[in-house]
Amino acid sequence: MLQKKVCMLGSFAVGKTSLVRRFVESIYSDVYQTTVGVKIDKKNVQVDEKEVSLVLWDIYGEDDYQKMRWTYLRGASGYLLVADGTRKATLEKAVSLERRVREEAGSIPFVLVINKSDLIRDWELDTALESQLSAEGWSILRSSAKTGEGVEESFSLLTRKMLG
Amino acid sequence: MSDVLEKALAEMGFALLEYRGNGEFLPIATLPTWFSEIWAETRNSSDPIPLTRQSPFLESFLLEAEDFWNSPTPAGCQSETWIEKALSGREIPVQARALLLDGNQILALLSPDAQFRERVRFLQTARNALLDHERLAREIQKKEILLHCIVHDLSQPLSIMHVAMDSLSEESISERSKQFLTLGKHAGDQQETMIRQILRTFSDDLRASLDAGTEGNVSSDLLECARKTTTSLAPTFEAKGVHLAVSSLVDLEAKWLVVAEESRLQRIFSNLLENALRYTPAGRRVAIGVEDEGDFLKAYVDDEGPGLPRDLRPEQIFGLFMKGKQSGGKAGLGLYFCRITVERWGGSIGCVTLPEKGSRFWFRLPRASGRTAASPSDAPDASNLKIAKRNPGIVRPLRILFADDQEDIRTLTAYQLKRSGHKVVIAKDGKQALNAFRSASFDVVLLDQEMPGMTGDEVARAIRKTEGGKKERVFLVASTGNTTSEDVRRLKQAGFDDVLGKPFRLEDLNRILSAAPAATDTSMPSVLPGAIFTELVARVGGDEKLLKRMIHTFRRDTPNRLAGIAEAIRRKNPEALASLAHALKGSVSIFGAESARKHTQELQDLGRGKELSRAAEVLALLKEEIAKLQANLRGYANQTPARSKSNHAKRQRPSRNRGKRRR
């Protein structure tokens, strides 16, 4: 079976851990528990009749307290870039993370996931920026770890992109 | 290793293993309990443990460890903490360290449980606080917007009350009725004061937007404000050991009058200087200065700090709640305030990293004609202002088309306008207004914004389209409660010449009407006198037709050229940028547009140097200059030198036919 390393990247509290838990264990908690360090999970998926084992690296969200360690990207086949639709700055952070990944690890497949679609009424998304990113060829999906909306689709799309 | 030492290491939580190749490790000391919780079932006591197959994190770390074992460095090789899940489901933090001991490749694993939990607690608290802060900031923003809406709703009936009572005061009424009227007017003024106080209390921005309709006529001395602010902040700069001075390049004797209100202009300087101080180390210098840019004057604050953050675009720096990472910033409103205030006065603001060191924060404001701002104590009391009817000599009769969907406002405003001697046609919605405009000639069209069918914006665009860029345009006034800088910019883009903020007094309306001819003039080609036209004609060998053809070609091709430059920047194509900028430079040089030429030269240089980081910003400046040039050329295209001179002279005199449309 093919094995693919996938990194979860994004600002703190955007829902990276929640997305992984929803995807792997189908559970969700409303309580925000910050991730310190790295957590690794595995899940087998079937995409286009191919079975793939995804090794999910849930990496802490970068902020003033914890800086991203780029060696975690070594061997990654792709990454899920996560932003929080209710916090505009997290999308800007995602854009800057993508640029830094390109500088550090070259161009590898990724999908931008704008999370917390269950709180759509509180979204403060920069739609101009979102449109601009789409126009530049970014794959962008909306998700909710709480309801499960878009979660499977996000990982499936990334897997397809990784399989080329 | 002795038994005691082995047990001590295990007791301290260390697992020591020797690397045997193929991702397998052999314990060289007693393994601690946590290790067994995670990997207990994977081993017999004498077998190597295939750790990298059990732990993807260790599989990745082994690559770093092997590098270290092959070429040891003093810095060592240590992982950050990662989480392993025990067979029981418990999450166990683990750290790894590669050691080279007597040539043996050793992996030391440790579970820093207590420190880890302490770190988690700390980060959880810090991040919760950050999230709370963000949430609070969003709440404040929402409340400001809500407040804006409430104020708008309160202002609408107040407009009617003001106009109704002003109208009544013109009637022949009994002394007793006059007393009642005075009471009513006093209550209306009180309510207006209260609304303004609410705004002042909750938001400077909203207060400013309410005042937007009246502040366009005041001016202040840019350099004088800069000096005053410099003087007041000098002790703060001294305390930090930062040298603050006005740039030696500034002409201290010149007048630097700009369209701005002095107290807010000082606050802008103050915010920019405080921002510079925050990022400038002790012993360094902050300079403040002003520059002449023709129709605009520019002020700047240069610091010797680290320059702009690389992950932020300049326009983001002036965003709401945008804060720097260094300590000392406040709520992230300072630079936002600067932006909205400067834009409200018709200016622009930006920042760049300086080539050698530090950054420059600049803003440019329209040059003022000369009148300085009155201080608040000098301001006349609104109740003592004479409306136009009482001073018939200052009002020219105008033909006015007035559209508003509120019958009360329509009736009262039309009544007052007629009493002032104007001829008024009223329309109850946008479509009716447009039909009326197409069937008669008007000097002024006053449009409410929110009307059923067609909004004021849509009517304005349709009118400007009907006029088709003709020299003589009707004077368009928007009547609206939404007068933020964004609103005013949008309205100007739609084709409006002025904005009447609601609630309005008749004084406000009359002031705008009396300014209408002057405003019409400023949009006319008289901004470029005939002498310059003559010079341009001379430049092309005296061939007027050729010059007009060149103007026509320039106006036709330039939008595409600008779009091409924008595309080259977006696609990060420096060669195309240099080539397109070079071509445009030639065109603007012909028309003597020096600022535009400089910007095209800069774009060309950036393209040639393959340095595109500032290109978008320079392009924005170029677009501003091109827009000015285009407006001027629009006038040139329709005149000859002789006509332009006579027209220029003619426009100095008021004319009743100014707004008449040609068919």
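The structure presented is a predicted model; accordingly, all values stated were derived computationally and were not measured.

Enquirer: Help me out: how do you make sense of the overall build of chain B in this one?
Expert: Per the secondary structure count, chain B includes 22 helices and 18 strands. For chain B, the residues scored as buried account for 33% of the 663 residues in total. Considering only residue pairs separated by 6 or more positions, chain B has 65% of its internal contacts joining residues 24 or more positions apart.

Enquirer: Looking at this structure, I do not really get the overall build of chain A. What am I missing?
Expert: Scanning chain A from terminus to terminus reveals 4 helices and 6 strands. Mapped in sequence order, the helices and strands of chain A form the string β-α-β-β-β-α-β-α-β-α. Sorting the 164 residues of chain A into buried and exposed places 44% on the buried side. Counted over contacts in chain A with a minimum sequence separation of 6, partners at least 24 positions apart contribute 74%.

Enquirer: Would you explain the packing of helix α9 (residues 262-279) of chain B against helix α11 (residues 334-344) of chain B in this entry?
Expert: How two helices pack is summed up by the angle between their axes together with the distance between the axes. Residue and element names in this part refer to chain B. Contact pair α9 / α11: the axes reach a minimum separation of 9 Å and the direction vectors enclose 145°. In the packing of α9 onto α11, the handedness of the crossing is left-handed. Every residue of α11 that contacts α9 at R264, I268, N271, L272, E274 and N275 is listed here: G334, L335, F337, C338, T341 and V342. Grouping the amino acids of the contact of α9 with α11 by side-chain chemistry returns 6 nonpolar, 4 polar and 2 charged.

Enquirer: Just checking my understanding: could you explain the interface of chain A and chain B for this structure?
Expert: Accessible area lost when the parts come together is the quantity often used to give the size of an interface. Between chain A and chain B, the contact holds 17 residues from the first and 21 residues from the second. Of the residues that constitute the side of chain A that touches chain B, the class distribution is 7 nonpolar, 5 polar and 5 charged. Bridge analysis of strand β2 (residues 38-47) of chain A against strand β4 (residues 82-85) of chain B gives 2 bridges, and the strand direction is parallel. Among the inter-strand pairings, V38(A) is bridged to a residue of β4(B), identified as W82(B).

Enquirer: Could you clarify how one ought to interpret the packing of helix α1 (residues 16-25) of chain A against helix α4 (residues 151-163) of chain A in this entry?
Expert: All names here are of chain A. Contact pair α1 / α4: the axes reach a minimum separation of 9 Å and the direction vectors enclose 90°. In terms of axis orientation, α1 runs roughly perpendicular to α4. Along the contact surface, α1 presents L19, R22 and F23, while α4 presents V151, E152 and F155. Of the residues in the contact of α1 with α4, the class split is 4 nonpolar, no polar and 2 charged.

Enquirer: Honestly, helix α2 (residues 88-105) of chain A in this entry has me stumped. Any pointers?
Expert: Within an α-helix, residues lying three or four positions from one another point in the same direction, as the helix has 3.6 residues per turn. All names here are of chain A. Its 18 residues give α2 an end-to-end C-alpha distance of 26 Å, which sits within 8% of 26 Å, the value for a rise of 1.5 Å per residue. Of the residues making up α2, those classed as buried are K88, T90, L91, K93, A94, L97 and V101. A positive backbone phi angle near 80° is found at G106, which sits one or two residues after α2.

Enquirer: Would you explain the pairing of strand β1 (residues 2-10) of chain A in this entry?
Expert: Looking along a regular strand, one sees side chains alternate from face to face of the sheet. All names here are of chain A. Sheet topology places β1 next to strand β3 (residues 50-59); 7 bridges connect them, and they run parallel. Bridge pairing in β3 places C7 opposite W57. For β1 and strand β4 (residues 78-84), the ladder comprises 5 bridges, and the chain directions are parallel. If you follow M8 over to β4, its bridge partner there is L80.

Enquirer: Sorry, what's going on with the nonpolar core here?
Expert: One broad rule of soluble globular proteins: the nonpolar side chains tend to lie buried together. Residues V6(A), C7(A), W57(A), L80(A) and L81(A) are the most contacted members of the largest nonpolar core, which totals 68 residues. Element by element, the count of residues in this core is highest for β3(A), at 6 residues. Excluding residues within four positions of it along the chain, C7(A) makes contact with W57(A), I59(A), Y72(A), L73(A), A76(A) and Y79(A). One finds V259(B), L265(B), L272(B) and I349(B) within the second-largest nonpolar core, a separate group that totals 42 residues.

Enquirer: Looking at this structure, I do not really get the sheet that holds strand β17 (residues 475-480) of chain B. What am I missing?
Expert: The strands making up a sheet are joined through hydrogen bonds of the backbone, oriented either antiparallel or parallel. Residue and element names in this part refer to chain B. The sheet built from 5 strands is open, its strands ordered β15-β14-β16-β17-β18 with parallel pairing. Of all the strands in the sheet, just β15 (423-427) and β18 (498-501) have a single pairing partner and so form its edges. Adjacent strand axes in the sheet meet at a mean angle of 20° when their direction is disregarded. The sheet contacts of helix α13 (residues 430-439) involve β14 (399-403), β15 and β16 (444-448), and relative to β14 the element is tilted by about 160°. Contacting β16 and β17, helix α14 (residues 456-467) crosses the sheet at an angle of about 150° to β16.

Enquirer: Got a minute to help me understand the environment of S46(B) in this structure?
Expert: Mapped onto the elements, S46(B) comes out in the loop between α2 (33-39) and α3 (51-54). With 20 residues separating them along the chain, S46(B) and L26(B) place their C-alpha atoms 7.9 Å apart.

Enquirer: Teacher, can you tell me more about α1(A) here?
Expert: Residue and element names in this part refer to chain A. Among the 10 residues in α1, 7 count as buried, and that is most of the element. Those residues of α1 not exposed but buried are K16, T17, S18, L19, V20, R22 and F23. Buried residues along α1 sit in contact with β1, β2, β3, β4, β5 (110-115) and α4. One or two steps after α1, the chain reaches S26, where phi turns positive at roughly 55°.

Enquirer: Honestly, the environment of L412(B) in this entry has me stumped. Any pointers?
Expert: Residue and element names in this part refer to chain B. Tracing the backbone shows L412 in helix α12 (residues 407-419). C-alpha of L412 to C-alpha of M161: the two residues are 251 residues apart in sequence and 9.5 Å apart in space. Excluding its chain neighbours within four sequence positions, the residues that come into contact with L412 are I160, V163, A164 and S167.

Enquirer: Even after reading the chapter, I still don't get the confidence of the model for chain B, so can you show me in this structure?
Expert: Low-pLDDT stretches of the model should not have their predicted coordinates read in fine detail. All names here are of chain B. Here chain B averages 76 in pLDDT, and 76% of its residues register 70 or above. Considering each helix and strand of chain B separately, the mean pLDDT is smallest for helix α22 (residues 641-651), with a value of 37, and largest for strand β6 (residues 104-110), with 94. Note that pLDDT drops below 50 for residues 325-331; the model gives that stretch 8 contacts with residues more than four away or on any other chain. The low-confidence segment residues 371-394 (pLDDT under 50) makes 28 contacts with residues lying over four places distant or belonging to another chain. The ipTM for the predicted assembly is 0.90, set against a pTM of 0.47.

Enquirer: How should the sheet that holds strand β11 (residues 296-302) of chain B be read in this particular structure?
Expert: All names here are of chain B. With mixed pairing, 5 strands are arranged side by side in an open sheet as β8-β10-β11-β13-β12. Since the sheet does not close on itself, it has two edges, and those belong to β8 (243-246) and β12 (348-353), each with one partner. Across this sheet, the average inter-strand angle for adjacent strands is 15°, counted without regard to direction. Pairing of strand β10 (residues 285-293) with β11, which is carried by 7 bridges, proceeds in the antiparallel orientation. Following the sheet pairing, E291 is matched in β11 by K298. In the packing of α11 onto the sheet, contacts are made with β12 and β13 (359-366), and the angle to β12 comes to roughly 135°.

Reading the values: the criteria
Residues numbered from 1 in each chain as written. Chains lettered and ligands numbered in written order. Predicted model: local features only at pLDDT ≥ 70, side-chain atom pairs only at ≥ 80, totals over all residues. Helix = DSSP H or I, 4+ residues; strand = E, 2+ residues; numbered from the N terminus. Buried ≥ 20, exposed ≤ 12 C-beta atoms within 10 Å, placed from the backbone. Contact = placed C-beta atoms within 7 Å. Axes fitted to C-alpha atoms, helices over the stretch in contact; angles between N-to-C directions. Left-handed = near helix turned anticlockwise from the far one by under 90°. Nonpolar A, V, L, I, M, F, W, Y, C, P; charged D, E, K, R; others polar. Pairing = 2+ DSSP bridges. Parallel < 35°, antiparallel > 145°, perpendicular 65-115°, else oblique. Expected span 1.5 Å × (residues − 1). Core = buried A, V, L, I, M, F, W, Y, C linked by C-beta atoms within 7 Å. pLDDT = per-residue confidence, 0-100.

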